[in-house]
Amino acid sequence: LRPSLGDAVCRVPRRLAAAAQGEAPFDRLAQVFQEAFARRHDLVCIMAAGIVVRGITPYLQGKDTDPGVVVVDEAGQFAVSLLSGHLGGANELARRVARLLGGTPVITTATDVNNLPALDVLAPALGLAIENLAQVDAHGVVQEARKGQHLGLLAGEGLDDPDPRQLLGCGPV
C-alpha cells in the first residue's frame, strides 16, 4: 500500500520493525497520532476503528484543521473514512485505498451518501473560501437539498450585510 500512496511513511510497531524492513518504527501509537495531528498528516490506520478513535481523541481540533483519518481492516476489505472526510480529504483517501487494496470504501457523510455536492469541497474548487464553516452546518443546507430544494450560492464582495441564509443558498432559487 505504501509505495502506491506516493510519499507516504509507513509506521510500524518496533516489535514488527525487523519484518518490515525500511519502515519507520514507533514505540507508542500515541506518538504517531500526536505527530500526525501536529503536522496535519493524513493517517491510514490498519487496525480496529476503536483503537484509532481512542487514540486520536486528545488531538481533535476541528473539521477545518484535523487531518484525514482512514481505518482499514487487516484483511483490506474495508477502508473507512473516519475523520475529516471532506476538508481533510479522508473520503477520497478511503476511495483510493480501497481501490488499491481491492476493497470497499466506507463513506458516511450525508452529501456523499445522497450524491450531493458538499459546500466545503465545492467552495475551494470554485476558488472560494467559507468564512464561517459552523454556519454552513447550522443552516441545514444538506437537509434542504435532500428535500429537493434547489439551492443557490452567492459569492462576491460588496454585499451589504446580506441575510446569511441567502449567502448559504438555503432558500429556493
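Here, the structure is the one placed above.
Counting of residues starts from 1 at the beginning of each chain's written sequence and follows it residue by residue. Where local features are concerned, this predicted model is filtered to residues with pLDDT of at least 70; where side-chain atom pairs are given and counted, the filter is 80 or more; whole-chain, interface and lining totals use all residues. Side-chain metrics in this entry use all non-hydrogen atoms of the structure; hydrogen atoms and water are not considered.

What follows covers the sheet that holds strand β5 (residues 78-83). Within a sheet, each strand pairs with its neighbour through backbone hydrogen bonds, oriented either parallel or antiparallel. Two strands qualify as a pair provided DSSP detects at least 2 bridges between them. For the purposes of this entry, the term helix denotes a DSSP run of H or I that reaches at least four residues, the term strand denotes a run of E that reaches at least two, and both are numbered from the N terminus. Spatially, β3-β4-β5-β6 is the arrangement adopted by the four strands of the open sheet, whose pairing is mixed. A single partner strand is all that each edge strand has here, and the edge strands are β3 (43-46) and β6 (104-106). The average angle at which neighbouring strand axes cross in this sheet is 25 degrees, direction not considered. Each of β3, β4 (69-72) and β5 touches helix α1 (residues 29-39); the most contacted strand, β3, lies at about 160 degrees to it. Every axis in this analysis is a line fitted to C-alpha atoms, fitted for helices over the stretch in contact. Angles between the N-to-C directions lie between 0 and 180 degrees. In this analysis, two residues are considered to be in contact whenever any of their non-hydrogen atoms come within 4.5 Å of each other.

Let us now look at the pattern of salt bridges. Salt bridges are identified by distance alone: a Lys or Arg side-chain nitrogen within 4 Å of an Asp or Glu carboxyl oxygen. Tallied over the full model, the rule gives five salt bridges. The salt bridge involving R39 is made with E35; its shortest N-O contact spans 3.6 Å. Of this pair, R39 and E35 both sit in helix α1, four residues apart, which is roughly one turn of that helix. We classify E35 as partly exposed; its relative accessible area is 33%. Residue R95 is joined to E92 by a salt bridge in which the shortest nitrogen-to-oxygen separation is 3.6 Å. One end of the pair, R95, and the other, E92, are both in helix α3 (residues 90-101), three residues apart, so they sit about a helical turn from each other. A 1.4 Å probe rolled over the protein chains alone gives each residue an accessible area, and that area as a share of the maximum for its type sets the label: buried under 20%, exposed over 50%, partly exposed in between. In this structure E92 comes out as partly exposed when scored by relative accessible area, which is 45%. By sharing partners, the salt bridges in this structure join R11, E35 and R39 into a single network.

Time to look at the side chain of S84. In this fold, S84 is placed in the loop between β5 and α3. The contact partners of S84, leaving out residues within four places of it in the chain, are K63, D66, P67, G68, G89 and A90.

What α1 keeps buried is the set V32, F33, A36 and F37. Seen from one end, α1 has its buried residues packed into an arc of 120 degrees, which puts them on one side. Away from the buried face of α1 by more than 90 degrees, exposed residues A38 and R39 are located. Looking at the buried residues of α1, the elements they touch are β1 (11-13), β2 (24-26), β3, α2 (49-56), β4 and β5. Where α1 terminates, the next one or two residues include R40, which has phi positive at roughly 55 degrees. By arc we mean the arc of the directions from the helix axis to the C-beta atoms, nothing more.

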